[in-house]
Number of protein chains: 4
Amino acid sequence: MSYDKNACAPRPPMGWNSYDYYDTTVTEDRVLANAEYMAKELKAFGWEYIVVDIEWYAPGAGSQRDKFQYIPFSKLAMDEYSRLLPDPERFPSSKDGAGFKPLADKVHALGLKFGIHIMRGIPRQAAHAHTKLLGTELTAADVANPSSISRWNPDMYGVRDCEAGQAYYNSIFELYASWGVDFIKCDDICNTNAFADDRYTGKHEVEMIAKAIEGCGRPMVLSLSPGPALIDKAWHYEKFANMWRITDDFWDRWDLLKDMFTRCELWERHVSAGNYPDCDMLTLGKLGKGFGAERDCNFTPDEQKTMLSLWCIFGSPLMIGAELTLLDEATKKLLCNKDILSLLDPYRIRRQLYRDEDKAAWESKSHDGKDRVVALFNLSEEERVFTIPGCEKATELWSGESVSASEIRLSPHACGVYRIS
Amino acid sequence: MSYDKNACAPRPPMGWNSYDYYDTTVTEDRVLANAEYMAKELKAFGWEYIVVDIEWYAPGAGSQRDKFQYIPFSKLAMDEYSRLLPDPERFPSSKDGAGFKPLADKVHALGLKFGIHIMRGIPRQAAHAHTKLLGTELTAADVANPSSISRWNPDMYGVRDCEAGQAYYNSIFELYASWGVDFIKCDDICNTNAFADDRYTGKHEVEMIAKAIEGCGRPMVLSLSPGPALIDKAWHYEKFANMWRITDDFWDRWDLLKDMFTRCELWERHVSAGNYPDCDMLTLGKLGKGFGAERDCNFTPDEQKTMLSLWCIFGSPLMIGAELTLLDEATKKLLCNKDILSLLDPYRIRRQLYRDEDKAAWESKSHDGKDRVVALFNLSEEERVFTIPGCEKATELWSGESVSASEIRLSPHACGVYRIS
Amino acid sequence: MSYDKNACAPRPPMGWNSYDYYDTTVTEDRVLANAEYMAKELKAFGWEYIVVDIEWYAPGAGSQRDKFQYIPFSKLAMDEYSRLLPDPERFPSSKDGAGFKPLADKVHALGLKFGIHIMRGIPRQAAHAHTKLLGTELTAADVANPSSISRWNPDMYGVRDCEAGQAYYNSIFELYASWGVDFIKCDDICNTNAFADDRYTGKHEVEMIAKAIEGCGRPMVLSLSPGPALIDKAWHYEKFANMWRITDDFWDRWDLLKDMFTRCELWERHVSAGNYPDCDMLTLGKLGKGFGAERDCNFTPDEQKTMLSLWCIFGSPLMIGAELTLLDEATKKLLCNKDILSLLDPYRIRRQLYRDEDKAAWESKSHDGKDRVVALFNLSEEERVFTIPGCEKATELWSGESVSASEIRLSPHACGVYRIS
Amino acid sequence: MSYDKNACAPRPPMGWNSYDYYDTTVTEDRVLANAEYMAKELKAFGWEYIVVDIEWYAPGAGSQRDKFQYIPFSKLAMDEYSRLLPDPERFPSSKDGAGFKPLADKVHALGLKFGIHIMRGIPRQAAHAHTKLLGTELTAADVANPSSISRWNPDMYGVRDCEAGQAYYNSIFELYASWGVDFIKCDDICNTNAFADDRYTGKHEVEMIAKAIEGCGRPMVLSLSPGPALIDKAWHYEKFANMWRITDDFWDRWDLLKDMFTRCELWERHVSAGNYPDCDMLTLGKLGKGFGAERDCNFTPDEQKTMLSLWCIFGSPLMIGAELTLLDEATKKLLCNKDILSLLDPYRIRRQLYRDEDKAAWESKSHDGKDRVVALFNLSEEERVFTIPGCEKATELWSGESVSASEIRLSPHACGVYRIS
């Protein structure tokens, strides 16, 4: 029986990602602290992924933040087969070839799943040093494409579409499988922005990675970054991946949140079991420490609800950007609303009802049509009045209150999510 | 209860369109002759629409074919309210204000449905003559936008987004409803190609037309042309129309047919009851007389099957371009294959399995999953061998023959459509 | 001997244009008042053209300013040969077929030259009415291209590239010659903005107009609008016209003025006798009455000098936008600085010395190299210090003062023009 | 007195370049053989530059031609200061730190000038090895920009715009000056094609290189490649360089030659003493050996004359691509026509008279106007008849024959160059 890539993501993955708070500086103990929090406080609501984001393999990462987000030409931790390894300083349990296995084991022991970020490609340092590859006589220099680089990160060269290149990808996924990795966020691949007329230059690498996952013996969710994903490549993403970013890095700015309504409209028809257009991390709670400025998220409470409501009714994966151990009660409550989270179900029938500069509305129906939910969004800078046609009374799912559907007033940037009674 | 625009097109519309054979020169008796043929020979298989295409309102249309497809500044048949009327020469029954009513009545009497083509906008001649509009004191000059013209047809100005403009659109759809029109192919509106950064300049006119249909008292299928439709406007097409052209004018050339596989991949997720991406007319049988050169279609029998198989498994509307009364037996047989036509059912679950330069495959499953059909396409210039994984025997639906699914040989440009046993 | 199109513009034309103050509403008496002022106050400094700008042929022009700058579908003054005539209401002397002759005569009597604005093409009303053309049996409908319209003005259709089209252009230039026109500002032709990949769609009309001028028996300066002119069409402009707008409409805003430095850099090599890249009207003095809001120009005195200095050292034509009779003394003085105006000489050798976000410098040398002038521009928002290398003392040409060239301080947006001693 | 970058190129440089025949495989003895040929046979006609093209620093260059033109990650010859050195295998005299000095000395001894090709940037191997730089404490890793690479060559990283980066450029030009280099062809800099909206990403490196030349103590011609150069950067090229390629690599194909007429039209105004738009190498004689297929040039004799005539009348630099020692007599004769070569004089006044799909004509006048030459080009596929207006008799400069200027017949792709008597 062939591998079903959709089976490992029967609903939009929900989890935590280290990037928004830690940038490149996350450490093993902080990962564990967040995992423990999740297991205790959030797991019951469906939250389960713990994802270590970018440059876990880079000793000294973050130490030159005034000049570089990613220090060029620094020496990355790597094994003899050109495979990157966790920085032993930040991830002490990875020493002596253990890799992420000890950390993944601990996460698994908490009943959670473990994910890591990777950059498309093979380390530049491997290519220039002509280091070995597992399962082939060729070396890193033979599979590295010197013209295929990331626009923003200096670590890797793209891998050529050849047998030895596939062997390299196989070798790293075998390693990840041996560590117990459940989730791969592959970066610089969904939209490489390399050429104006060909933004999907890592297309063959997506296929190679999908094949490597299929052969590695452990199911893994495949998440592609960064966006915006290319709508004319939708079929390809859906064929080979589980989620793909429909936006460039999302941050806690209203213009970006408002713009997400355009993106969700565009991708509305592309949500199904195992296939999720991805609105990016939830910028909530404490953010930014690794970027040199710890801060509270800039969204108002209304905007936070708007973000969560859109992500859920649309069917996006949910990855929390906050440092979990610093979550305040109000934010935590947002993340534990079962009614709202239930909208993620990929079998629900969802559609945008309307959208203009000032207002948007989405509808979500259960597959049997018996449960109907409507979300109303005030995108404008003034209070707006909404109605839900053909409905008298409805229950607002954030507040739990019953409201009259004939005149619903929403503050600027606010939303309401209504179960039609 | 509000108007449900999807109700009038529960499955992809199937019919005949006058353009590919007659260009601008179709006449009442030829429309009727085709309708009679359809009623007798094709209706039983689901064919039901008879559509009169472009410039039925233009006396002398086609008389300067060496210079113009559409004669500029010629006098169009029009009523006192700036509404175009059938050319009484070509449509004699339309005289004395009868319009298309007598012809539509005859088509209806045959158990068929009647459609017409319109150009977005209001006649230029009306604007320059400041003629009246029904239901407003303003005149054609007030609602015509002198900067909004078709790139390729000289008849109309776009209508401004204003109350009097809506009144004009209402007035023409009331007229069409009074004639008994069931289907509107609105042209120069799906992709106006007016600006590189805004190709959907008739967007507000789509909304005005949808509103006019809703208010006219008669359900009408709304079909938008020409393409290629814009994928980022998909939501809008689906909200307001029933079908939209995903290609510029399709003709009987292999490069265009091969390219349609790209377009179907792009629009795969956008087929649902009442919503159909449209691959354009079926270029079969006799074509081209109105263009000055009557001819047989250039597609080989294999290519013809490939066209029909793709249109059906994808879920496109089917509009025959041939002069029906001249259909040969082989072509007619292609149009009467119930197994193939049954694939049009919008509730089937369809997806492209793979596609590259040489091969493509689509799968179509019934909604309950019990019936599974796979179509294989040889897009290359050499014989190719295909297999259907996980399947031993299958029935090919064009031939009715049972085949071994482990080695299927297809000629260049040929296809096979297999029901999995 | 063939017509030398460069002979009529031995140096950049200097004059007055009605647009910036009057928009579409200029009248005969106001034209004359400005001409009289010019003859008396400015002629001695080289100013000589009086140009009547857009829609002199449109009765009622400007009467619906709240809705339209150019009223669509209004009836234009036209002779039996589809040629536009002055609106007799605004230009009373034009009655009874006199056209602009009486007005031109008066301008000539003042020792000045007379120019008019035209739109590329033939009146739409002529095409729809199938009116006659001089010198051919064909009608306006035969030469008008219904797909060729201005993006912003509703009056005309483009003229097809055919014999009868040339006959039409010949007929209008014969008329203009009979009136005594010396200068034609042809609009919607330099950059029609019609297609992203073909912005010079009136190219053949430029050639037809050049040919019509050559044959009309009277030299006329040919000025092409609007811009931005296309650098890859530079050879064509230079071959057929005398001046071409290198900018869209210029107005009195600093961002537009700063941007002109980029444009002048681009066109630096294209100034020669008879050939002038055109920076557009000088927005000085009183402006805007015809637009519904008479006002003083928004430029500070420093910015006004910067504008004039750049236009002159670069070699642009100079057309005053102000109502001349309302000129204040300071503005008038700017227009009468012989040293500055002498820089217009097309035989001078000019080049930009440097340019960045904050500073720019141009050098102008007489053809024999004996006279050297350097203009320094402070493009920043702070005072800046400049030096003129290899120079100790210099005379600033606006102030007449001698300055030390080793430390020149300029206020934000200010300039200095220095004759090197 | 400041360095005058124009002084070293008072007329378009004429020479030989190793690329078209040798690709990356040229050797010292072949360079010398060509120099000796030039000194003996061509120098008298103005030919003087001997230029060693790409990858003289790459041991093993050309040894993997089936896979790579430029072998990635191979070890380049380099000194301790990150400066590339000649491959000692191919350039034996360069051993022991001598560099190109011995070879340059020999070229100079023949009365010729010596040039080399360089790639913009600093070796990738230096950045990854953190090697030293001369004149700064920083290392190659500090000045190399890991995101700035060539689209087509794997050797270098771009240099950052910083003091240490300037120090690096200074250090290599000091080395080149010590070798006796007279001409630098800097590649991957004129149009880097890196971003659709910023194709001149090496702009700051042009300035750094110009500064390094200015300071190195030896005048050097600065030639920028590859093209097409960007017309909106013309001012910048002219400010800092001597020649810049207006085309991508030119080869001996008629479509490329015909297209050069468009490019020359575009750059017509940009030829002056010290400033030369560059039409690329003359593809004549024997070509292609280093590419794996030695061959005769594909141009017919008529096309060869057309190429030379256009390059000369336009004012392009002339670099011979042929292996000189294999020149046949006919080709050699083309290169030794003093009348034709005299047209290169930058003080001549040149302009295209007309150009369409079928014909082109250029005029070249001496600065005093006394000598006038017209070149006629038949760009079509049929014989064409030309006239030279206002001229009866003329001398054709290739043949030396006197012809009647009223009817000149030219074969397809042929040209004639006429001195007007």
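Only a predicted model underlies this, so the values are computations on that prediction, with no experimental measurement involved. Just so you know, the residues in each chain are numbered from 1, in the order the chain's sequence is written. Just so you know, chain letters begin at A and ligand numbers begin at 1, following the order they were written in. Where totals are concerned, whole chains, interfaces and linings use all residues; where local detail is concerned, this predicted model gives features only for residues with pLDDT of at least 70, and gives and counts side-chain atom pairs only at 80 or more. The basis for every side-chain value is the complete set of non-hydrogen atoms in the structure, without hydrogens or water.

Undergrad: When you look at the overall build of chain A in this model, what are you seeing that I'm missing?
TA: Only DSSP runs of H or I covering at least 4 residues are called helices, and only runs of E covering at least 2 are called strands; the numbering of each starts at the N terminus. Within chain A one finds twelve helices and 21 strands. Only C-alpha atoms enter the radius of gyration; for comparison, a globular chain is expected to reach 2.2 Å times N to the power 0.38, where N is the number of residues. By the compact-globule yardstick of 22 Å for 421 residues, chain A fits well, its C-alpha radius of gyration being 22 Å. The 421 residues of chain A split such that 60% are buried. We call two residues in contact whenever any of their non-hydrogen atoms come within 4.5 Å of each other. At a minimum sequence separation of 6, the contacts of chain A that also span at least 24 residues come to 71%. Accessible surface area values rest on a Shrake-Rupley calculation with a 1.4 Å probe, where residue burial reflects the displayed protein chains alone. Carbon and sulfur atoms make up 49% of the accessible area of chain A, which totals about 15400 Å². Only protein chains enter the calculation, and the probe is 1.4 Å; a residue is then buried if its accessible area is under 20% of its type maximum, exposed if over 50%, and partly exposed in between.

Undergrad: I tried to follow the nonpolar core on my own but got confused; where do I start?
TA: In globular proteins that are soluble, nonpolar side chains generally tend to be buried together. Residue types Ala, Val, Leu, Ile, Met, Phe, Trp, Tyr and Cys, when buried and joined through side-chain atoms within 4.5 Å, form a set referred to as a nonpolar core. One finds Phe-173 of chain A, Phe-173 and Tyr-176 of chain B, Phe-173 and Tyr-176 of chain C together with Phe-173 and Tyr-176 of chain D to be the most contacted residues of the largest nonpolar core, which totals 529 residues. Apart from residues no more than four positions distant in its own chain, Phe-173 of chain D is found in contact with Ile-118, Ile-184, Ile-209, Ala-212, Ile-213, Cys-216 and Met-220 of chain D. In terms of nonpolar packing, the next biggest core, distinct from the first, is built from 14 residues, Leu-353, Val-374, Ala-405 and Tyr-418 of chain C among them.

Undergrad: Teacher, can you tell me more about the pairing of strand β6 (residues 156-159) of chain D here?
TA: Looking along a regular strand, one sees side chains alternate from face to face of the sheet. Residues and elements named next belong to chain D. One ladder, built from two bridges, connects strand β4 (residues 122-123) with β6; its direction is antiparallel. Bridged to Pro-123 within β6 is Met-156. Both strand β5 (residues 144-145) and β6 contribute to a ladder of two bridges, which runs antiparallel. In the strand pairing of β6, Asn-145 is matched with Gly-158. Any two strands between which DSSP finds at least two bridges are classified as paired.

Undergrad: I tried to follow the relation of the copies chain D and chain A on my own but got confused; where do I start?
TA: The two chain copies are related to each other by a rotation about an axis together with a translation along it. Here the copies are superposed with least squares, the fitted atoms being C-alpha atoms of residues at a pLDDT of at least 70 in both. Its rotation angle being 180°, the transformation that places chain D on chain A also includes 0.0 Å of axial translation and leaves an RMSD of 0.0 Å. Seen this way, the second copy is the image of the first under a two-fold rotation axis. Across chain D, the rotation axis passes nearest the C-alpha of Ala-196 of chain D, at a separation of 3.0 Å. Counting the interface residues of chain D, we find that 100% of their copies in chain A are interface residues as well, pointing to one common contact surface.

Undergrad: Would you mind showing me how to read the packing of aromatic side chains here?
TA: Centre-to-centre distance and the angle between the planes together describe a pair of aromatic rings. Ring pairs shown here join Phe, Tyr and Trp side chains whose ring centres sit within 6.5 Å, with only the six-membered ring taken for Trp; geometry is labelled stacked below 30 degrees between planes, edge-to-face above 60, and tilted in between. For the structure shown, the criterion picks out 96 aromatic pairs over all chains. Between Phe-73 of chain A and Tyr-157 of chain D the ring centres are 5.2 Å apart and the planes differ by 55°, which places this aromatic pair in the tilted class. A residue pair is termed interchain when its members come from two chains, as with Phe-73 of chain A in the loop between β2 (49-52) and α3 (101-109) and Tyr-157 of chain D in strand β6. For Phe-73 of chain A, a relative accessible area of 10% gives the class buried. When the ring of Phe-173 of chain B is compared with that of Tyr-176 of chain B, the centres are 5.4 Å apart and the planes differ by 75°; the resulting orientation is edge-to-face. Note that Phe-173 of chain B and Tyr-176 of chain B are positioned in helix α6 (residues 163-179) at a spacing of three residues, about one turn of the helix. For the pair shown, Phe-173 of chain B and Tyr-176 of chain B are each scored as buried.

Undergrad: Teacher, can you tell me more about the confidence of the model for chain A here?
TA: Interpretation of this model should avoid reading the predicted coordinates in detail wherever pLDDT is low. Taken as a whole, chain A shows an average pLDDT of 97; of its residues, 100% reach a score of 70 or greater. Our summary of model confidence lists the complex with pTM equal to 0.96 and ipTM equal to 0.95. Scored between 0 and 100, pLDDT is the confidence that the predictor attaches to each residue.

Undergrad: For this particular structure, what's the right way to read the interface of chain D and chain A?
TA: Size of an interface, as often reported, equals the accessible area lost when the parts are brought together. At the interface, 19 residues of chain D touch 19 residues of chain A. Summing both sides of the interface, chain D and chain A together bury roughly 1800 Å²; the carbon and sulfur share of this comes to 61%. Once two parts are brought into contact, the accessible area they lose, counted with a 1.4 Å probe and summed over both, makes up the buried area. Per-residue buried area on chain D facing chain A is highest for Phe-73, His-128 and Arg-151 of chain D; these three make up 39% of the total on that side. The salt bridge criterion pairs a side-chain nitrogen of Lys or Arg with a carboxyl oxygen of Asp or Glu, the two atoms within 4 Å. If you look at where chain D meets chain A, you find zero salt bridges. Among the elements that take part in the side of chain D that touches chain A, helix α4 (residues 124-129) of chain D stands out by supplying three residues, more than any other. Taken together, the residues of the side of chain D that touches chain A break down into 13 nonpolar, three polar and three charged. Throughout, the ten residues Ala, Val, Leu, Ile, Met, Phe, Trp, Tyr, Cys and Pro are labelled nonpolar, Asp, Glu, Lys and Arg are labelled charged, and all others, Gly among them, are labelled polar.

Undergrad: Would you explain the arrangement of the chains in this entry?
TA: Chain A shows no contact with chain C. Their nearest C-alpha atoms sit 16 Å apart. Without any contact between them, chain B and chain D keep their closest C-alpha atoms 16 Å apart.

Undergrad: Is there a simple way to explain the domain arrangement of chain A in this structure?
TA: Residues and elements named next belong to chain A. Domain limits in this description derive from either an automatic procedure or a database domain assignment. Annotation of chain A at the domain level lists domain 1 (5-347) and domain 2 (353-420). Taking only C-alpha atoms, the centre of domain 1 and the centre of domain 2 are 33 Å apart. Between domain 1 and domain 2, the contact holds 23 residues from the first and 22 residues from the second. Summed over both sides, the interface between domain 1 and domain 2 buries roughly 2100 Å², with carbon and sulfur atoms accounting for 66% of that surface. On inspection of domain 1 and its partner domain 2, the count reaches three salt bridges.

Undergrad: What is the right way to look at the packing of helix α2 (residues 28-42) of chain B against helix α3 (residues 101-109) of chain B in this model?
TA: In helix packing, the relevant descriptors are the interaxial angle and the interaxial distance, both defined with respect to the helix axes. Residues and elements named next belong to chain B. Helix axes use the C-alpha atoms of the stretch in contact, all axes being lines fitted to C-alpha atoms, and the angles between their N-to-C directions lie in the range 0 to 180 degrees. The contact between α2 and α3 brings their axes to 10 Å, and the two run at 10°. Compared by their axis directions, α2 and α3 come out roughly parallel. You can see that α2 and α3 cross each other, and the crossing is right-handed. On the side of α2, the interface is formed by Glu-28, Val-31, Leu-32 and Ala-35, while α3 contributes Leu-103, Lys-106 and Val-107. Among the residues making up the contact of α2 with α3, the classes are represented as five nonpolar, no polar and two charged. Angle categories: roughly parallel below 35 degrees, roughly antiparallel above 145, roughly perpendicular from 65 to 115, and oblique for all the rest. Two helices cross in a left-handed way if the nearer one is turned anticlockwise from the farther one by less than a right angle. They cross in a right-handed way if the turn is clockwise.

Undergrad: Can you walk me through the sheet that holds strand β18 (residues 393-396) of chain A in this structure?
TA: Strands belonging to one sheet form pairs held by backbone hydrogen bonds; the direction of such a pair is parallel or antiparallel. Residues and elements named next belong to chain A. With respect to topology, six strands assemble into an open sheet ordered β14-β15-β16-β21-β18-β19, the strand pairing being antiparallel. Every interior strand has two partners, whereas the edge strands, β14 (349-355) and β19 (402-404), have only one. Here the strands of the sheet are splayed against their neighbours by 30° on average, with no regard to which way each runs. Pairing analysis gives three bridges linking β18 to strand β21 (residues 415-420), with the strands arranged antiparallel. Following the sheet pairing, Thr-395 is matched in β21 by Arg-419. With respect to the sheet, helix α9 (residues 254-267) is in contact with β14, β15 (359-365) and β16 (372-378), its orientation differing from that of β14 by roughly 120°.

Undergrad: Can you walk me through the side chain of Thr-306 of chain B in this structure?
TA: Residues and elements named next belong to chain B. Within the secondary structure, Thr-306 is located in helix α10 (residues 301-314). For Thr-306, a relative accessible area of 1% gives the class buried. Within the structure, Thr-306 has its side chain in polar contact with the backbone oxygen of His-413 (distance 2.7 Å). When near neighbours in sequence (up to four residues on either side) are disregarded, Thr-306 contacts Trp-254, Leu-257, Phe-261, Phe-377, His-413, Ala-414 and Cys-415. Distance and chemistry together define a polar contact, namely a pair of N or O atoms within 3.5 Å, with one atom able to donate a hydrogen and the other to accept it when in protein, and with adjacent residues in sequence counting only for side-chain atoms on both sides.

Undergrad: Looking at this structure, how should I read the pairing of strand β14 (residues 349-355) of chain B?
TA: Residues and elements named next belong to chain B. Summarising the sheet, β14 and strand β15 (residues 359-365) pair through six bridges and their orientation is antiparallel. Within β15, the residue paired with Gln-352 across the bridge is Trp-362. The loop that links β14 with its antiparallel partner β15 comprises three residues.

Undergrad: Sorry if this is basic, but what is going on with the relation of the copies chain C and chain B here?
TA: Superposition record for chain C on chain B: RMSD 0.0 Å, screw rotation 180°, translation along axis 0.0 Å. The overlap is high: 100% of the interface residues of chain C also sit at the interface in chain B, so the same surface is used on both sides.

Undergrad: When you look at the interface of chain C and chain B in this model, what are you seeing that I'm missing?
TA: Listed by partner, the interface residues are 19 residues for chain C and 19 residues for chain B. Per-residue buried area on chain C facing chain B is highest for Phe-73, His-128 and Arg-151 of chain C; these three make up 39% of the total on that side. Inspection of the region where chain C meets chain B yields zero salt bridges. On inspection of chain C and its partner chain B, the count reaches ten residue pairs in polar contact (both at pLDDT 80 or more). Its residues placed into classes, the side of chain C that touches chain B shows 13 nonpolar, three polar and three charged.

Undergrad: Looking at this structure, how should I read the sheet that holds strand β4 (residues 122-123) of chain B?
TA: Spatially, the three strands line up as an open sheet ordered β4-β6-β5 (chain B), and their pairing is antiparallel. Two strands lie at the open edges of the sheet, namely β4 and β5 (144-145) of chain B, each paired on one side alone.

Undergrad: Please clarify how the packing of helix α6 (residues 163-179) of chain A against helix α7 (residues 203-216) of chain A should be interpreted in this entry.
TA: Residue and element names in this part refer to chain A. Following both chains from N to C, one finds α6 and α7 inclined at 45°, their axes separated by 8 Å at the closest point. On the basis of the axis angle, α6 is oblique to α7. The hand of the α6/α7 crossing is right-handed. Every residue of α7 that contacts α6 at Gly-165, Gln-166, Tyr-169, Asn-170, Phe-173, Glu-174 and Ala-177 is listed here: Glu-205, Met-208, Ile-209, Lys-211, Ala-212, Ile-213 and Cys-216. Across the contact of α6 with α7, the residue classes break down as eight nonpolar, three polar and three charged.

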